[in-house]
Amino acid sequence: TFLATENVNIYLLARNATNREDLQKYKSNSNIKIFDWYLSDLEIIERVIKEVDCVINLCGILYENIKGDFYKIHSDFPSTLAELCSKNNITNFIHVSALGVSETSESKYSRSKASGDRRLLEKFPMAKIIRPSLLYGKGDNFFGQFSDMASISPIIPLISKNTKFQPIFVNDVVSAIIKLIINKDIKGNIFDLGGKFAYTFENLLKILLDIKGIKRFLIPLNPNLMMIPALFLERLPKPPFTVDQMKLLKHDNILNGNSPGLNELGIEPADMEEELTKIYSK
């Protein structure tokens, strides 16, 4: 929205039906062009790249519907996109990854993300990689999912209750992207983004329930024990959780201070409870 008001031409490539529906509200804006796109359609990508100065990659998935999707979307595609950016003399390539990813992780999600980060930098060394912790905002995959669950169930599963996250407001991530677009003199390739404070999984659910003004029973569950039901649930088209996600929950997802972040970009992180109250309070 900010870029659209700045009289910038924006090309949005949407690769699934839900995204395409969500983007319809921008169709009346003459500065925004929306394309139906599939991951294998490199021709349309290169055609668009020839007309722009900056490329932003937001492609990512939380689970695989087909074996190999993690590496296809998180590693192969960023590498190909970086190659196309280099070939077409793009001056600014911004890629959104995830905090704490590692090619030695137990989690395929984490390994594939880290692989993509490495490979795209090999092809496009000037790229900027943003690695946010748990993202929150209207319709997010964490608070949104548990809010829906709390609306229909008196019990909420609390998997790995002491795992810590440092949630970051989606608007702050957008601000970081805009800073990197506008100020090309910012040094560094990788930016780790997190909010003001770290919270345990249990803290986050209790904050959500307090904001909604409801009481629910939180049932602590061990991620190792949840591997068994996850084996069956991950076969669903949209699984509530997967084996790979249980592996991720064994480790904290918080800033370690080794990379620049919001402070270096001159961004004051939003107050999480204040923003969640705007979304979920009665």
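The coordinates are above.
Predicted model only: the values in this text are computed from it and were never measured. (Residues numbered from 1 in each chain as written. Predicted model: local features only at pLDDT ≥ 70, side-chain atom pairs only at ≥ 80, totals over all residues. Heavy atoms only, no water.)

Focus: the overall build of the protein
Right, on to step 1. Along the protein, the regular secondary structure elements total 11 helices and 12 strands.
Right, on to step 2. In summary, the protein has a C-alpha radius of gyration of 19 Å against a globular reference of 19 Å for 282 residues, a match within 12%.
Right, on to step 3. Along the three orthogonal principal directions, the C-alpha set of the protein runs to about 55 × 40 × 40 Å.
Right, on to step 4. Per-residue burial for the protein yields a buried fraction of 47% across its 282 residues.
Right, on to step 5. Contacts in the protein between residues at least 24 apart in sequence constitute 76% of all its contacts with a sequence separation of at least 6.
Right, on to step 6. The centroid of the 35 positive side-chain charges in the protein is displaced by 3 Å from the centroid of its 33 negative side-chain charges. (Helix = DSSP H or I, 4+ residues; strand = E, 2+ residues; numbered from the N terminus. Rg over C-alpha atoms; globule rule 2.2 N^0.38 Å. Buried < 20%, exposed > 50% of the residue type's maximum accessible area, 1.4 Å probe, protein only. Contact = heavy atoms within 4.5 Å. Lys, Arg positive; Asp, Glu negative; His and termini not counted. Charge placed at Lys NZ, Arg CZ, Asp CG, Glu CD.)

Some points on the pattern of salt bridges
Right, on to step 1. Following the criterion strictly, the structure yields 12 salt bridges and no others.
Right, on to step 2. Here Arg-118 makes a salt bridge to Glu-122, at a shortest N to O gap of 3.2 Å. Here Arg-118 pairs with Glu-122, and both are found in helix H5 (residues 108-123), just four residues apart, close to one helical turn.
Right, on to step 3. When its relative accessible area of 36% is taken as the criterion, Arg-118 is described as partly exposed.
Right, on to step 4. Here Glu-268 ties to Lys-196 by a salt bridge, and the two come within 4.0 Å at their closest N and O atoms. Separated by 72 residues along the polypeptide, Glu-268 in the loop between helix H10 (243-248) and helix H11 (272-280) and Lys-196 in the loop between strand E10 (190-193) and strand E11 (199-200) bring together distant segments of the chain. (Salt bridge = Lys/Arg side-chain N within 4 Å of Asp/Glu carboxyl O.)

Some details on a nonpolar patch on the surface
Right, on to step 1. A surface patch of nonpolar side chains, about 200 Å² in accessible area, is lined by Leu-135, Val-170 and Val-174.
Right, on to step 2. On the secondary structure map, Val-174 appears in helix H7 (residues 170-182).
Right, on to step 3. With relative accessibility at 42%, the residue Val-174 sits in the partly exposed group. (Patch = residues over 30% accessible without salt bridge, like charges linked within 9 Å, V, L, I, M, F, W, Y side chains within 5 Å. Areas by Shrake-Rupley, 256 points an atom, 1.4 Å probe, with all protein chains shown as cover.)

A word on the packing of aromatic side chains
Right, on to step 1. Scanning the entire structure with this criterion turns up 12 aromatic pairs.
Right, on to step 2. With a centroid separation of 5.4 Å and 55 degrees between ring planes, the pair formed by Phe-142 and Phe-201 is classed as tilted. Remark: Phe-201 occurs in helix H8 (residues 201-212) and Phe-142 occurs in the loop between strand E6 (135-136) and helix H6 (143-152); sequence separation between them is 59 residues. For the pair Phe-142 and Phe-201, a shared accessibility class is recorded, and that class is buried.
Right, on to step 3. Taken together, the ring pairs connect Tyr-136, Phe-142, Phe-143, Phe-146, Phe-165, Phe-169 and Phe-201 into an aromatic cluster. (Phe/Tyr/Trp six-rings, centres within 6.5 Å; stacked < 30°, edge-to-face > 60°.)

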